[in-house]
Amino acid sequence: MATTNGPARLTVARFAGLDDATVEFEPGVSVVTGRDAADRTPLLWGLAAALGSDELPFNEGFDGGRAELAVESETYTRSFVREGDRVVASGDPYLEDSTTADLFAFLLGSDEARQAVTGDQLAGLRALVTHSVDIDAVNEEIADLSAERAELDDRIAELSTLESERTRLRERRDELDAAVERLEAELADRRETLAQIEPSAVDTDADARTETDASDAEMRADRLRELNTALDDAQFELEAEQASLDALDAELDEVESELASRPAAPAGELDELTDELSESRARKRRLDADITDVQRTLRFNEQFLTSGTSPVAASAGEDGGADGDRVVCWTCGTTVPEASIESTLDQLRTLRDDRREERAELTDRLERLQERRSELEDQRRRRRDLETRREELRRERAERRARVEDLEARRDDLESDIADLRRDAEAAEPDDRAAVLAAHREVNRVEFELERRREERDAVVDDLDTLEAELDRRADLEARQDEIDDRISERRGRIERLERAAVSAFNDRMAEVLNSLEYDPLARIWIERRSDGDALDDADAAPTGRFVPHIERRTDDGTVYEDVIDHLPASERELIGLVFAVAGYLVHEVSDDVPFFVLDSVEAIDAELVHRLLAYVGRYTDYVVVGLSGESAQSLPDSYRRLRAP
């Protein structure tokens, strides 16, 4: 903790109803007093503002102000101006970031830390306990690792679909190996046959054959090779187009089958759902506003009821007689029984609870309506996509059918041309020469077929090698998956250890604070970290432990039992909130950042307990500033410096 030796001077101007004021804080405890909270609180707000707070509850009437704090030979200023519906701050405050101090050092009544274990802010308890622990960075690492693992899952899933493709390629490779082997044997036979008949045919017919006849025969042979090549190409294209057409027919059948089984989303129901959602959301906004207004009214009145200088206390002493059972209502100015105000507050609490229950039911209904609308919209969107795809498939099928018909006609024409050419060649040649030409044609045909099959086999082998190289990576990808799982598990464990350590530190500090108060009715305040079972089942999810507060009370005979916070009187709830907030102040070492601890709205707590709390906090910081009524301040030690608000 940084220490200071000299006084600190605060000057405020036009600040939350306080025109101009200058006060000086000595190291130690300073008690700010005034006629009522309306006098004291603006001064404490000004101190928090100069220190850097951004959590000041300025009302709509606040149009600007300025706060200046001189401490340790430095001056820190903060100015505020209203711009429309918001208040904008400027200047050079003590803290660049007041987030932690706003939670644990500036305890001005509605502070989040003071409310965390008393009901309204219970959901934020985990964030408050782990505020200074760098869990977000670990969660970001988990998120990055989970994203990488999801990519690996997708890649491995893709590789799994390639297993069947590898089987198909291997089968095709084996088929082509057998075809090549068969064609190589056939080619050897054809060449042997040609070698046996060609010499005799040449010897027999050499003298009779003219140069023109030889030239015509060679031209017919060349033409025949061209036609055979074109026929093979046409047949290959025809087979490919037919395979594509079959695939289109299969996909079209699937699309039409799904369309037949998927009803159209009723447009009327969608319109009704949209209208109902709009009305329900508007109703929820009105409920939120009602609950906020009622809650604000309740807090305001509860503070006045428990305040030592509230109109209730004042009027009870003046008009209510010895029993003090009649008060001046601070809203209408009439004298009424105090019990009637309590009854009105009970009615407001009942109204608030009813509105909360209605809001919860409305929230559930909104979720159901949204789910149903999303379901209908998905249904309509899917049907529209299917209809679009069906039309695309039909157009493509028509185009491919036309292409198949063209290829079939071309194939038939080529086969007819080849047959005609062979008949012409046979008619133009003697029988023995025709046999030689026929043998040549067979050799050429087998050579061409063999070359085609070799090329196809080489392409299949290349595809298979590439595919197997990809599949060989699967082991590496799975090993990376295991590594990521281990790293996620380690970081989840790290978060759990960090959270448990933070909980343990809070429990130790709360026990220490409570012990210093010497308040026997409260035996123990502690926080339990409960693991979320759903998160534990999901290896990729960040841990989401729930933090649950526990209150143990002690009876007059020393019996200790666990109680529920709602069963406790308001004074004990306030005290428990302060114990938690002070524990946070110490655990998160806020005094290292700011040498002030500012406290307000403690009228509900016994003055002796306030004194012990101030003495305890004063051991850890330079300046403790508390706002109290004059009556409450009289019960504090004379060593505490008194400052009266203007």
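In this text the structure is predicted, and so the values were computed from the model without any measurement.

*Asks:* Could you give me a rundown of the overall build of the chain, with the residues and numbers involved?
*Replies:* Broken down by element type, the chain carries 14 helices and 15 strands. Expressed as a percentage of its 646 residues, the buried residues of the chain come to 37%. Within the chain, residue pairs in contact and separated by at least 24 positions form 75% of the contacts whose partners lie at least 6 positions apart.

*Asks:* I'd like a description of helix H12 (residues 570-587), backed by residues and values.
*Replies:* Given a rise of 1.5 Å per residue, 18 residues ought to cover 26 Å, and the 26 Å separating the end C-alpha atoms of H12 matches this to within 8%. The element H12 is extensively covered by neighbouring structure, given that 13 of its 18 residues are classed as buried. Looking one or two residues past H12, Glu 589 carries a phi angle of roughly 50 degrees, positive in sign.

*Asks:* Pulling in residues and values, what's your account of the packing of aromatic side chains?
*Replies:* By the definition in use, this model includes six aromatic pairs. Relative to Phe 596, the ring of Phe 25 lies with its centre 6.2 Å away and its plane at 80 degrees, an arrangement referred to as edge-to-face. Here Phe 25, found in strand E2 (residues 18-25), pairs with Phe 596, found in strand E13 (residues 596-599); they are 571 residues apart in sequence, far enough to count as distant. Residue Phe 596 is classed as buried on the basis of its relative accessible area, which comes to 0%. Every member of this aromatic cluster is reached through a ring pair, and the members are Phe 25, Phe 596 and Tyr 623.

*Asks:* Which residues make up the sheet that holds strand E11 (residues 546-554), and what are the values?
*Replies:* The three strands lie next to each other as E10-E11-E12, forming an open sheet whose pairing is antiparallel. If you trace the sheet from one side to the other, it starts and ends with strand E10 (522-530) and strand E12 (560-563), each paired once. Each strand of the sheet is rotated relative to its neighbour by a mean of 30 degrees, with strand direction disregarded. Contacting E10 and E11, H12 runs over the sheet at an angle of about 60 degrees to E10.

*Asks:* Talk me through the sheet that holds strand E4 (residues 64-71); I want residue IDs and the actual numbers.
*Replies:* Across the sheet, five strands lie side by side as E2-E1-E4-E5-E6; this open sheet has antiparallel pairing. Whereas interior strands pair on both sides, the edge strands pair on one side only; in this sheet they are E2 and strand E6 (86-92). Averaged over all pairs of adjacent strands, the angle between their axes in this sheet comes to 10 degrees, without regard to strand direction. Bridge count for strand E1 (residues 8-15) against E2 is seven bridges, and the pairing is antiparallel. Bridged to Phe 15 within E2 is Leu 18.

*Asks:* Outline the pairing of strand E3 (residues 28-33), listing residues and values.
*Replies:* Along E3, five of the six residues are buried, which leaves the element largely enclosed by surrounding structure. Sheet topology places E3 next to strand E14 (residues 623-627); five bridges connect them, and they run parallel. Within E14, the residue paired with Gly 28 across the bridge is Tyr 623. Bridge count for E3 against strand E15 (residues 641-644) is four bridges, and the pairing is parallel. If you follow Val 31 over to E15, its bridge partner there is Arg 642.

*Asks:* Please give an account of the nonpolar core that cites residues and values.
*Replies:* One finds Phe 25, Phe 580 and Phe 596 to be the most contacted residues of the largest nonpolar core, which totals 88 residues. Broken down by element, the residue count for this core peaks at ten residues, all from H12. Not counting residues up to four positions away in its chain, the partners in contact with Phe 580 are Ala 113, Ala 116, Val 117, Leu 125, Leu 128, Val 129, Phe 506, Met 510 and Ile 527. If you look at the next biggest cluster of nonpolar residues, it comprises 17 residues, including Val 138, Ile 156, Val 460 and Ile 484.

*Asks:* If you had to explain the pattern of salt bridges to someone new, which residues and values would you point to?
*Replies:* In this structure the tally under the stated criterion is 63 salt bridges. The closest approach of N and O atoms between Arg 389 and Glu 251, which form a salt bridge, is 2.9 Å. Remark: Glu 251 occurs in helix H6 (residues 211-261) and Arg 389 occurs in helix H9 (residues 338-428); sequence separation between them is 138 residues. Since its relative accessible area comes to 28%, Arg 389 is described here as partly exposed. The salt bridge involving Glu 490 is made with Arg 491; its shortest N-O contact spans 3.2 Å. Here Glu 490 falls in the partly exposed class, since its relative accessible area comes to 33%.

*Asks:* Run through the confidence of the model for the chain, naming residues and quoting values.
*Replies:* Should the pLDDT be low somewhere, the predicted coordinates at that spot are not to be read in detail. Model confidence for the chain is summarised by a mean pLDDT of 81, while 84% of its residues fall at 70 or above. Low confidence marks residues 202-210, where pLDDT is under 50. Its contacts with residues over four positions away, or in another chain, come to eight contacts.

*Asks:* Explain a negative patch on the surface to me, and be specific about the residues and the numbers.
*Replies:* Taken together, the side chains of Glu 72, Glu 74, Asp 92, Glu 96, Asp 97, Glu 589, Asp 592 and Asp 593 define an acidic patch exposed on the protein surface. Tracing the sequence through the fold places Asp 593 in the loop between H12 and E13. Under the relative-accessibility criterion, Asp 593 is labelled partly exposed at 45%.

*Asks:* How would you sum up unusual backbone geometry? Please name residues and give values.
*Replies:* Working note: non-glycine residues mostly have negative phi, and peptide bonds are mostly trans. At Glu 72, a position not held by glycine, the phi torsion is positive, near 55 degrees. By the element assignment, Glu 72 lies in the loop between E4 and strand E5 (74-83). A positive phi angle, near 55 degrees, is found at Glu 518, a position not held by glycine. Relative to the elements of secondary structure, Glu 518 occurs in the loop between helix H10 (431-517) and E10. Judged by its relative accessible area of 56%, Glu 518 is exposed.

*Asks:* Could you give an account of the packing of H12 against helix H13 (residues 607-618), with specific residues and numbers?
*Replies:* H13 packs onto H12 with a crossing angle of 5 degrees between their chain directions and a minimal axis gap of 12 Å. The pairing of H12 with H13 is recorded here as roughly parallel in orientation. In contact with Leu 575, Leu 578, Val 582, Tyr 585 and Leu 586 of H12, H13 contributes Leu 609, Leu 613, Tyr 616 and Val 617. Looking at the contact of H12 with H13 residue by residue, the classes come out as nine nonpolar, no polar and no charged.

*Asks:* Could you give an account of the environment of Phe 15, with specific residues and numbers?
*Replies:* Within the secondary structure layout, Phe 15 lies in strand E1. A relative accessible area of 0% means that Phe 15 is categorised as buried. The spatial distance from the C-alpha of Phe 15 to the C-alpha of Ala 67 is 7.5 Å, given a sequence separation of 52 residues.

*Asks:* Go over the environment of Asp 39 with me, naming the residues and quoting the values.
*Replies:* By the secondary structure assignment, Asp 39 is in helix H1 (residues 37-51). Exposure remark for Asp 39: the relative accessible area of 11% places this residue in the buried category. A sequence separation of 605 residues divides Asp 39 from Arg 644, and the C-alpha atoms of the two residues are 9.1 Å apart. Beyond its immediate stretch of four places on either side in the chain, Asp 39 contacts Gly 34, Ala 645 and Pro 646.

*Asks:* Any details on the side chain of Thr 41? Residues and values, ideally.
*Replies:* Tracing the backbone shows Thr 41 in helix H1. Classification of Thr 41 by relative accessible area gives buried; the value is 13%. A distance of 3.0 Å separates polar atoms of two side chains, one belonging to Thr 41 and the other to Asp 600.

Criteria and cut-off values
- Residues numbered from 1 in each chain as written.
- Predicted model: local features only at pLDDT ≥ 70, side-chain atom pairs only at ≥ 80, totals over all residues.
- Heavy atoms only, no water.
- Helix = DSSP H or I, 4+ residues; strand = E, 2+ residues; numbered from the N terminus.
- Buried < 20%, exposed > 50% of the residue type's maximum accessible area, 1.4 Å probe, protein only.
- Contact = heavy atoms within 4.5 Å.
- Expected span 1.5 Å × (residues − 1).
- Phe/Tyr/Trp six-rings, centres within 6.5 Å; stacked < 30°, edge-to-face > 60°.
- Pairing = 2+ DSSP bridges.
- Axes fitted to C-alpha atoms, helices over the stretch in contact; angles between N-to-C directions.
- Core = buried A, V, L, I, M, F, W, Y, C linked by side-chain atoms within 4.5 Å.
- Salt bridge = Lys/Arg side-chain N within 4 Å of Asp/Glu carboxyl O.
- pLDDT = per-residue confidence, 0-100.
- Patch = residues over 30% accessible without salt bridge, like charges linked within 9 Å, V, L, I, M, F, W, Y side chains within 5 Å.
- Areas by Shrake-Rupley, 256 points an atom, 1.4 Å probe, with all protein chains shown as cover.
- Lys, Arg positive; Asp, Glu negative; His and termini not counted.
- Charge placed at Lys NZ, Arg CZ, Asp CG, Glu CD.
- Parallel < 35°, antiparallel > 145°, perpendicular 65-115°, else oblique.
- Nonpolar A, V, L, I, M, F, W, Y, C, P; charged D, E, K, R; others polar.
- Polar contact = N/O pair within 3.5 Å; in protein donor to acceptor, adjacent residues only side chain to side chain.

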